[in-house]
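Okay, here's what each chain looks like letter by letter:
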Amino acid sequence: MPTTDIKKQRKGSDTAVQGTNDSSVVSKASAAAQGYFKDPFIQHFLCKVARRAPLINRGYFVRWRAVDHCVRQFLRITAKCSKRQILSLGAGFDSLYFRLHAEGVLDGTAVFEVDFPDVAQRKAALVACNVTLRGMLDSTLPPHSGSVYISSSQYRMLGVDVRGESQVEEALGAAGLDWTAPTLILSEVVLTYMETQWSDGVISWAAKLLPQSLFVIYEQIHPEDPFGRVMQDHFLKLNSALHALQQYPDLSAQRRRFLDKGWDHCVCLDMNDFYLGLLSQEERDRMESLEPFDEHEEWHGKCSHYFILTASRGALMEQALLPQASVSPVPYISPSRTSTCLNVRTVPVCLEGLGLASTWIRPEVVLLTGGSSRGGRMTETRSLIRGQEGWRSIGVEASADLGVRLYHTITCLPGGGAVVYGGRSSPLRPTCDLFKVKFDPSGPPSAAQSQCPDAEKLRVEPINCTGNPPPPRWRHTAAVVSHRGRDFLFVFGGKNQSESVLGDSSFLSLDQRHWTEIPVEGAAPASRHSHSACSYQGGVVVFGGLSREGVPLGDTSLLMPTERGFHWERIAVQPPPVPRYSHCAHVVGDRLVVVGGVWMHSDGVPGVVIISLTMRSSMEFRLDT
């Protein structure tokens, strides 16, 4: 790579990329401070530890854990080697050397770090003025010379632009790197900031110069779906474009990239597969208990857009690769196994809401309550009205405040109106109250009235119940079932602040307003939340959801009335529907129509599946999103 070409890189972009180090070290320190992983040294590289949001802490946990897994594999495989090396490209303020040194696992190992000279200079200054860090280096250090900013027997920090092949090779050789020794090469979100001609060059020269090596990369994938586009825009605003995404957008492209650039073998996993497949349930339970958390959709979306990759050179390093086969317990069912695609027509009504609840409350009228938008949590209730000219949204004036609530249910009642139950205002504040809501009997507003924001009047009546109520919950379902001529609100599943997933069920007598014990036979569905439950022939049909293990479900169960009470039956649908959660579902005749949702994979999104409850068959349709 000619030096003149490298110098043409925009200095502003290089500075912005260096700034990502500062943001990353703050996030790593936050996760460590909250107990996600043990790193007592990262705090020494920043002035003050700031607390990040739980979603960011989780993201940095799985990143840290994936890289740590690969490091431990390399150290285990090379334990009998007299000499081995770790080469960290774009290391920034990473504390890897200090952690491994404190654990005493660096026998016969030297750690080399390479980053921009400005970053290396700043890191060297921080190490020099910190007693703890300085004490983990040799007592007598030579002064800064050339590109070497820290030189200890087991640790060297070099200030060199990684894009300059000849300069990097010369600097590493002068610093003592042994090109024949087993070497672990680390690159955490580094190569993607380079234009692909430079990053491909790095991958090639590493394969050429290090015949016994393991290359580990943690980076982004899937740029073209909605999450990927937002991700790209975020980094563009930081002047740190993700260059590799365009040419290498998915796991197969990344794998081919390394094989084409001289590596013998390559295995990569997205972070959902790594998290669910390579971390024990015990470790996941520990991590998930650290902070209140309810952003499952964002968490799985983020994990499906990052990957960990291992590529090997030499027979020994092949043993350190990630597992070849899919290690995830999530079954892979292609969402596009049918060629039939359903067109999506956008309705020109501006509404948004995360965790809102909706129901048909009147012919041609959908009532929407609660939720959260970019403007914050919503207390306003709105309705969607379908007329001859299409859909329109109008405000609703409620006679009483329903309060702030997300992930609650609103269930249409046989005699008119609907019942609002459960939800939360935050992951620490569930709500357990019930309301009956009903539009004013004067009927829908006229076209002239609809211009007025308070045209719709909604009567809100608190429901005071007797009996033994279920624990507070959100992300549950509530559907109307019938037993011996009486209607009940059947509440199933969900989660709350003390239980990550609930599997209990309760019956509320709608006429007596009493929580009632009704015998239920058969094997109940597994505990879940974010599933669907629809009234069907006096009972209910339950589909999908997120399991206690954090895995999307694709099973279908029927709760049907009997003489004594109700009976659960799981139906084997063929072919199996795409597992999903946070979807919508409706019963039309003897068919369950399931729309959208979230799953673990990024190659498409769950579309529409129509399940015949009599034939026990399914048909998937893609959504043209």
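Just so it is clear, the structure is predicted and the values come from calculations on it, not from any experiment.

A. Structural context of the overall build of the protein chain. Helices and strands together make up the secondary structure of the protein chain, namely 15 helices and 36 strands. Taking all 625 residues of the protein chain together, 53% fall into the buried category. A separation of at least 24 residues holds for 66% of the contacts in the protein chain among residues at least 6 apart in sequence. Of the roughly 27,100 Å² of accessible surface on the protein chain, 52% is carried by carbon and sulfur atoms. Here the protein chain holds 63 positive side-chain charges and 64 negative ones, and the gap between their average locations is 1 Å.

B. Expanded view of unusual backbone geometry. The linkage connecting Q574 with the following residue, P575, adopts the cis geometry, with an omega of -10 degrees. Within the secondary structure layout, P575 lies in the loop between β32 (566-571) and β33 (584-588). Here the phi dihedral of Y407 falls at roughly 55 degrees; this positive angle occurs in a residue that is not glycine. Among the residues examined, Y407 registers a relative accessible area of 12% and is labelled buried. Here R616, not a glycine, exhibits a phi torsion of approximately 60 degrees, which is positive. Along the chain, the position of R616 falls in the loop between β35 (608-612) and β36 (617-624). For R616, a relative accessible area of 30% corresponds to the partly exposed category.

C. Region of interest: the nonpolar core. Ranked by internal contacts, the top residues of the largest apolar core, which has 72 residues, are F98, M271 and I308. For this core, the leading source of residues is helix α3 (residues 54-77), giving 12 residues. Setting aside chain neighbours within four positions, we find F98 in contact with F41, F45, V127, L133, M136 and Y155. Of all hydrophobic cores here, the second largest spans 36 residues; its members include L158, V190, V202 and W205.

D. Summary view of the side chain of S527. As for its placement among the helices and strands, S527 is situated in the loop between β27 (520-521) and β28 (528-529). A distance of 3.5 Å separates the side chain of S527 from the backbone nitrogen of G503, its partner in a polar contact. Within polar-contact distance, the side chain of S527 engages the side chain of R548 at 3.3 Å. Non-local contacts of S527, meaning those with residues more than four positions away in its chain, are made with V501, L502, G503, L546, S547 and R548.

E. Region of interest: the sheet that holds strand β8 (residues 306-313). Reading across from one edge, β3-β4-β2-β1-β5-β6-β8-β7 is the order of the eight strands in this open sheet, with mixed pairing throughout. The two strands at the open ends of the sheet, each matched to only one other strand, are β3 (148-151) and β7 (265-270). Between one strand axis and the next, the sheet turns through 15 degrees on average, direction left out of account. As paired strands, strand β6 (residues 213-220) and β8 are joined by eight bridges and run antiparallel to one another. Bridging across to β8, F215 finds its partner in A311. Of the strands in this sheet, β1 (84-89), β5 (183-188), β6 and β8 are in contact with helix α8 (residues 196-209), which crosses β6 at around 165 degrees.

F. Quick peek at the pairing of strand β20 (residues 434-439). Judged from the four bridges that link them, strand β17 (residues 418-421) and β20 form a sheet pairing that is antiparallel. In the strand pairing of β20, A418 is matched with V437. Bridging between β20 and strand β21 (residues 456-462) involves five bridges; their strand directions are antiparallel. Note on β21: the bridge partner recorded for F435 is P462.

G. Quick look at the packing of aromatic side chains. Within the structure shown, the criterion is met by 22 aromatic pairs. Between F41 and F98 the ring centres are 6.5 Å apart and the planes differ by 35 degrees, which places this aromatic pair in the tilted class. On the criterion of sequence distance, the pair formed by F41 in the loop between α2 (11-33) and α3 and F98 in helix α4 (residues 96-103) is long-range, its members being 57 residues apart. In this structure, F41 and F98 share a single accessibility class: buried. Here the aromatic rings of F488 and F507 are separated by 6.5 Å at their centres, their planes lie at 90 degrees, and the arrangement is edge-to-face. Placement of F488 in strand β24 (residues 486-494) and of F507 in strand β25 (residues 502-509) is noted, with a sequence separation of 19 residues between them. A relative accessible area of 2% means that F488 is categorised as buried. Ring pairs connect the aromatic residues F41, F45, F93, Y97, F98 and Y155, which therefore count as one cluster. The side chain of R284 reaches across the aromatic face of Y275, ending 5.9 Å from its centre.

H. Focus on the sheet that holds β17. An order of β10-β11-β14-β15-β21-β20-β17-β16 is seen for the eight strands of this open sheet, with the pairing classed as mixed. Edge positions in the open sheet fall to β10 (357-362) and β16 (409-412), since each of these has one partner strand only. Along the sheet, successive strands turn relative to each other by an average axial angle of 30 degrees, direction set aside. By the bridge criterion, three bridges tie strand β15 (residues 390-398) to β21 in an arrangement that is parallel. In the sheet register, E397 faces β21, and the bridge partner there is K457.

I. Region of interest: α8. Look at α8: 20 Å from first C-alpha to last across 14 residues, which is about the 20 Å you get at 1.5 Å a residue. Counting buried positions along α8 yields 11 of 14 residues, so the element is predominantly enclosed.

J. Looking closely at the environment of R58. Following the sequence through the fold, R58 ends up in helix α3. A relative accessible area of 5% places R58 in the buried class. Those residues in contact with R58, other than ones at most four positions away along the chain, are Y36, M287, E288, F293 and W299.

K. Structural view of the pairing of β7. With five of six residues buried, β7 lies mostly within the body of the structure. Sheet topology places β7 next to β8; six bridges connect them, and they run antiparallel. By the bridge assignment for β8, V267 is matched with T310.

L. Spatial organisation of the pattern of salt bridges. Counted by the stated rule, this structure contains 28 salt bridges. One salt bridge connects D294 with K495, and the closest N-O pair in it is separated by 3.3 Å. With D294 in the loop between α13 (281-288) and α14 (296-303) and K495 in the loop between β24 and β25, this pair connects stretches of sequence that are 201 residues apart. Sharing partners across several salt bridges, the network here consists of D294, E297, R424, R475 and K495.

M. Representation of helix α5 (residues 117-128). If you check α5, its first and last C-alpha atoms are 16 Å apart, about what 12 residues at 1.5 Å a residue would give, namely 16 Å. Three or more residues of α5 are buried, namely V119, A120, K123, A124 and V127. For α5, the buried positions fall inside an angular range of 130 degrees around the axis, keeping them on one side.

Calculation notes
- For every chain, the first residue of its written sequence is number 1, and the numbers climb from 1 along that sequence.
- Totals for whole chains, interfaces and linings use all residues, but because this is a predicted model, local features are given only for residues with pLDDT of at least 70 and pairs of side-chain atoms are given and counted only at 80 or more.
- Hydrogen atoms and water are omitted, and side-chain values are computed over all heavy atoms in the structure.
- Helix numbering and strand numbering both begin at the N terminus, where a helix is a DSSP run of H or I of at least 4 residues and a strand a DSSP run of E of at least 2.
- Each residue is placed in one exposure class: buried if its accessible area under a 1.4 Å probe, protein chains only, is under 20% of its type's maximum, exposed if it is over 50%, and partly exposed if it falls in between.
- Throughout, a contact is declared for two residues whenever any of their heavy atoms are within 4.5 Å.
- Method for areas: the Shrake-Rupley scheme with a 1.4 Å probe, in which residue coverage is limited to the protein chains shown.
- Within this scheme the basic residues Lys and Arg register as positive and the acidic residues Asp and Glu register as negative, but His and the chain ends are omitted.
- Here the site of a charge means NZ on Lys, CZ on Arg, CG on Asp, or CD on Glu.
- In this text, buried Ala, Val, Leu, Ile, Met, Phe, Trp, Tyr and Cys residues form a nonpolar core when linked through side-chain atoms within 4.5 Å.
- Any pair of nitrogen or oxygen atoms within 3.5 Å is treated as a polar contact; in protein, a donor-acceptor pairing is required on top of that, and neighbouring residues in sequence qualify only through side-chain atoms on both sides.
- Two strands form a pair only when DSSP identifies at least two bridges running between them.
- All axes here are fitted lines through C-alpha atoms, helices being fitted over the stretch that makes contact, and every angle between N-to-C directions spans 0 to 180 degrees.
- Any Phe, Tyr or Trp ring, taking Trp's six-membered ring, that has another such ring centre within 6.5 Å forms a pair; planes under 30 degrees apart are called stacked, those over 60 apart edge-to-face, and the others tilted.
- As a reminder, the over-ring test applies to NZ of lysine and CZ of arginine, requiring each to be within 6 Å of the ring centre and within 35 degrees of the ring normal.
- Take the number of residues in a helix, subtract one, and multiply by 1.5 Å to get its expected span.
- Each reported salt bridge corresponds to a side-chain nitrogen of Lys or Arg within 4 Å of a carboxyl oxygen of Asp or Glu.
- The arc in question is formed by the directions pointing from the helix axis toward the C-beta atoms.

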